[in-house]
Amino acid sequence: MRPDVHRWLRRRTYTATSWTAADLAAAKRAQGSTVSVVLPALDEEATVGAIVGVIRAGLVDRDPLVDEVVVVDSGSADRTAAVAAAAGARVVDTGTVLPSHGRVPGKGEALWKSLAATSGDLVVFVDADLVGFDPQYVVGLLGPLLTDPAIGYVKALYDRPLTTTEGIVPSGGGRVTELLARPLLNAFWPELSGFVQPLSGEYAGRRELLERVPFVSGYGVEFGLLIDLAGLAGVDALAQVDLGTRQHAHQSDAALGRMAGQILQTAMARRPGAGDPASQLLQFLRTTDGVEAVSWNVAVSERPPMTTVRAAASGGR
Ligand SMILES: O=c1ccn([C@@H]2O[C@H](COP(=O)(O)OP(=O)(O)O)[C@@H](O)[C@H]2O)c(=O)[nH]1
Ligand SMILES: O=C(O)[C@@H](COP(=O)(O)O)O[C@H]1O[C@H](CO)[C@@H](O)[C@H](O)[C@H]1O
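From a predicted model like this one, the values you see are computed outputs, not experimental measurements.

(A) How the structure looks around the overall build of the protein chain. For the protein chain, the helix and strand inventory stands at 11 helices and 16 strands. Radius of gyration (C-alpha) of the protein chain: 19 Å, near the 20 Å computed for a compact globule of 317 residues. Its C-alpha atoms put the protein chain at 65 × 55 × 50 Å along the principal axes. In the protein chain, which comprises 317 residues, the proportion classed as buried is 50%. Contacts spanning at least 24 positions in sequence make up 73% of the contacts within the protein chain whose residues lie at least 6 apart.

(B) Expanded view of the pattern of salt bridges. Summed over all chains, the structure comprises 21 salt bridges. With a shortest N-O distance of 2.9 Å, Lys28 and Asp67 are connected by a salt bridge. Within this pair, whereas Lys28 is found in helix H2 (residues 21-31), its partner Asp67 is found in the loop between helix H3 (48-62) and strand S3 (68-73), the two being separated by 39 residues in sequence. With a relative accessible area of 5%, Lys28 lands in the buried category. According to the relative accessible area criterion, Asp67 is partly exposed, its value standing at 43%. Ionic contacts of the salt-bridge type, sharing partners, join the residues Lys107, Asp127, Glu202, Glu222 and Arg246 into one network.

What counts as what
Residues numbered from 1 in each chain as written. Chains lettered and ligands numbered in written order. Predicted model: local features only at pLDDT ≥ 70, side-chain atom pairs only at ≥ 80, totals over all residues. Heavy atoms only, no water. Helix = DSSP H or I, 4+ residues; strand = E, 2+ residues; numbered from the N terminus. Rg over C-alpha atoms; globule rule 2.2 N^0.38 Å. Buried < 20%, exposed > 50% of the residue type's maximum accessible area, 1.4 Å probe, protein only. Contact = heavy atoms within 4.5 Å. Salt bridge = Lys/Arg side-chain N within 4 Å of Asp/Glu carboxyl O.

This is how it looks when you write it as C-alpha cells:
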C-alpha cells in the first residue's frame with residue numbers, strides 16, 4: 001500500500017459511535033453553524049417517510065443537531081412528496097429550483113439544486129431508499145466536520161449486504177463500486193484508493209467547498225465530487241466514517257451497467273488527454289429468436305459550481 005494512503009487511512013478514518021448527537025449539537029451551537037440534511041428522491045414513497053421521521057425525532061426535536069430536512073424530488077410518479085412532507089420534511093421539486101437553468105434528469109441534478117434550496121453551512125446527503133436507517137449515520141458524518149476544521153468532506157463507509165431472490169447475503173452490495181469505481185481510482189487516482197466506499201450515497205461537506213465544484217448529472221455525481229474536492233481541497237481535507245452496515249433498494253444489473261457507463265464518462269472527463277469516450281452503451285436482451293441490442297446514451301453533463309451561478313445572478317458582485 002502506498003505510504004500516503006496508509007497514512008491517510010490512519011488519520012482520516014473515523015467511527016460513527018465516537019460522537020453523540022447531543023455533544024455535536026452543542027459543538028454546532030458553539031460554532032454558530034447550521035446543518036441541512038438533503039435526501040434526493042425519485043419514487044421512494046416506501047422508505048423516505050421512515051428516514052425523515054427518524055431524523056426529525058432524534059436530530060431535530062430531541063437533539064437539535066439538524067436545522068432543516070429537505071427532500072429533493074426528481075419528479076416522482078408515486079407519493080414520495082406527500083409521504084416526505086407528512087413525515088416532516090420540506091419537499092422541493094427539481095423543476096422549481098433555479099427554473100431558469102432548466103431541468104436535467106438524474107441524481108446529480110437533485111444534489112446540485114439542493115445547494116440552492118438549502119442554507120446549512122454543513123450539508124449532509126442521505127439516499128432516500130435506505131432500509132433500517134440509523135440517525136447515528138448523520139451523527140457520524142457530521143462528527144469530523146464539527147470537531148476538526150481541517151476536514152471539509154466526509155464519506156460513509158459500511159458493509160453492504162445484497163438483497164437477492166434467495167434472501168439477504170452479508171456482502172455483495174456496491175457492485176459498481178467493486179467492479180468499476182475502485183479499480184478506476186486505484187489506476188488513475190491512487191491517492192484516493194483509501195476510500196472504502198467511494199460511491200456511498202451518504203456523505204457530508206462544508207457548503208463553502210461544495211459550492212466551488214461542478215456537480216455531474218446522473219450517477220456520476222459521487223465519483224466526480226470525490227475527484228474534484230480532492231483536487232480543490234487536498235486529500236487530507238477528505239475523510240471517511242464507519243457507519244457499520246447499510247441496506248438499500250437495489251437496481252438491476254442492466255441499470256447498474258448504465259450507472260457504470262455514466263461513472264466511466266465522469267472519470268474519463270477527468271483524465272485529460274485520454275480522449276473523448278463514446279457515450280453510447282450497447283446492452284443485450286435475450287429474445288425468442290436471438291438477442292436484441294439496445295443502445296443507451298450514458299453521456300453525462302455537468303452543472304457549474306454554485307458560486308458561479310450566484311455570481312451571475314448578482315451581476316458578478
Ligand atoms: O434521478 C434520480 C435518481 C435517483 N435519485 C435518488 O438517489 C438515491 C440513489 O439512487 P438509486 O437508489 O437509484 O441508486 P443506487 O443506490 O441503487 O446506486 C435514491 O434516493 C434515489 O431516489 C434521485 O433523486 N433522482
Ligand atoms: O456503490 C454501488 O456500486 C452502487 C450500487 O450499489 P448496489 O450494488 O445496488 O448495492 O450504489 C452507489 O452508487 C451510486 C452511484 O455513485 C450512488 O448514487 C448510490 O447512492 C450508491 O448506493
